Amino acid sequence: MNIAAKFKETAKSVLPVILIVLALGLTIVPLEKILLARFAVGGLLLIFGLTVFLMGVGMGIEPMGERCGSALVAKKNLGLLLSCAFVIGFIVTAAEPDIQVFGDQVAEIFPFVDKIVFTFAIAVGVGLFLLLGLLRAVLNFPIKIFFFVFYSLLFALAFLAPQNFLGIAFDSGGATTGPMTVPFIMSLGLGVSAVRAGKGDSSFGLTGTASIGPVMAVLAYAIFLRAPESFVQEIAEVELDISQNGGILGQIFLPFTSAFPIFLRESLFAIAPLVVLFAVFQIAILRMTARQTIRILVGFAYAYIGLSIFLTGVNGGFSDAGNELGKVLGNLAAQNGGLWLALLLAVGIAFGAVIVCAEPAVWVLSEQVEQVSGGTIKRRALLLFLSAGTALAIALALLSNVFNFNLKWILAAGYAVSMLLMIFCPPLWTGIAFDSGGVASGPLTSTFILSFTIGSAALNPADSFGVIALVAMMPLSAIQIMGIIYKAKQNKKEAK
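One structure accompanies this document, and this report is about it. Since this is a predicted model, take the numbers as computed values, not measurements.

1. Let's talk about the overall build of the protein
When its secondary structure is counted, the protein shows 18 helices and zero strands. Classification of the 496 residues of the protein by burial places 57% in the buried group. Excluding contacts between residues fewer than 6 apart, the proportion of contacts in the protein whose partners are at least 24 apart in sequence is 86%. For the protein, the accessible area works out to roughly 20100 Å², and carbon and sulfur atoms hold 67% of it.

Printed below as a string of structure tokens:
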């Protein structure tokens, strides 16, 4: 793998966000210079960490997932395959750092929620639907019917559940698709599909399937819990204590030096289950050579170091600037409307279009799509449609903050359109589209973009639950539209 080329590509994805924030923060929306300096440092760490992480994914996580999937199918033991799928889904989800943070956020706003039970419900949901997704692939059950049936059940639950839990439930589907779990789940699906059919029609859709589980689990939990509709939601603001004694350099770098040990630990919790699973599979089924084993372990080490640096950059200073920028623009838009509202929307659309291209899991998905399709589906084209969908999602989220739209009807309409598009879209593209919805809502979206939208919702930050749900929803339609266009071009070529 060419590290220089990978660094160049990741820099192209992140630098536009850095330039937009610096340009606004130094001109029409003045921000503190220390805050902007930390933002720039965080951006550089993000680029470097993402580069190293993607190297590790390519060397360790992807080969492991594909080999495990292929080995399980080769055993021709359906019970073993499905039980392993459930255990894998449960373990990697329970250890995912995003889920732990998400559980803390929910428990902070809704004290009657038990974080342990909440996390357990999400992990069971992922495990169950990972099991169902692999069963669908093995039985070659049509992916369109599968998604239609389970999303119909999902929305039936949504209309029974308390309104104040709807955004949380859909956000949980995005929070489960973290930077460690997504590459492994996608590679597992590719491995199963390669042995089962030897073609790419069932290679995608497993991540999209796994994302249904936590949403249904949280909705069922909310119905069982009978959460009060009238509960007053409050968010406690936690500020990092920055020592003034260290001078300017101390104020800039202290957040990163303080955060790095924390994310070293969280990244270890995220990758440890995969290492344990690899050890079990290596002893019981895989039995790879020493050289292959060492390469995968080195890949795990790269992924661990890269993810630690990436999360330190994002949380040490990168997302803080997004929150402050959203707060200033949101207040100006609420007070003056007009041009300030237009500027808020324009900035949100620009962030949505650009930042999704820097999500680690988006990189993994786009590269796998290009490989499976033999280069006929270009990564750049996929990223373009994904960016357009994410940009529209952020615009809807900001408009919802300003005009207080009912999230239930926005999600119902969006998913209804995606179900309708399935009629005309090739099955391969439907799988890619639902996977894209899962990977678009990664750590950058759940930190920087969520911080920006929470900042813009100055009157009631709790209403910003649901932003991740919108980001996860829009690619379903955008990528399927791309698939319909792609199919039309292919038919035109064949006709000629």
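What follows continues from the structure just given.
2. Quick notes on a nonpolar patch on the surface
A cluster of nonpolar side chains, namely Leu139, Phe141, Ile145, Phe148, Val149 and Leu153, defines an oily patch on the protein surface of about 570 Å² accessible area. Ranked by residues supplied to the nonpolar patch, first place goes to helix 6 (residues 143–160) with four residues. Inspection of the secondary structure assignment puts phenylalanine 141 in the loop between helix 5 (115–139) and helix 6. The exposure class of phenylalanine 141 is partly exposed, given its relative accessible area of 40%.

3. A closer look at the side chain of threonine 51
Relative to the assigned elements, threonine 51 resides in helix 2 (residues 33–74). On the basis of relative accessibility, which here comes to 2%, the residue threonine 51 falls in the buried class. For threonine 51, the side chain forms a polar contact with the main-chain oxygen of isoleucine 47, separated by 2.9 Å. Here threonine 51 is in contact with Ile3, Lys6, Phe7 and Thr10, once residues within four sequence places are set aside.

4. Considering the environment of tyrosine 302
Within the secondary structure, tyrosine 302 is located in helix 11 (residues 290–336). Relative accessible area serves as the criterion here: at 33%, tyrosine 302 is assigned to the partly exposed category. Taking the C-alpha atoms as reference points, tyrosine 302 and methionine 55, 247 residues apart in sequence, are found 6.7 Å from one another. Residues within four places of tyrosine 302 in sequence aside, it is in contact with Val52, Phe53, Met55, Gly56 and Met59.

Cut-offs and rules
Residues numbered from 1 in each chain as written. Predicted model: local features only at pLDDT ≥ 70, side-chain atom pairs only at ≥ 80, totals over all residues. Heavy atoms only, no water. Helix = DSSP H or I, 4+ residues; strand = E, 2+ residues; numbered from the N terminus. Buried < 20%, exposed > 50% of the residue type's maximum accessible area, 1.4 Å probe, protein only. Contact = heavy atoms within 4.5 Å. Areas by Shrake-Rupley, 256 points an atom, 1.4 Å probe, with all protein chains shown as cover. Patch = residues over 30% accessible without salt bridge, like charges linked within 9 Å, V, L, I, M, F, W, Y side chains within 5 Å. Salt bridge = Lys/Arg side-chain N within 4 Å of Asp/Glu carboxyl O. Polar contact = N/O pair within 3.5 Å; in protein donor to acceptor, adjacent residues only side chain to side chain.

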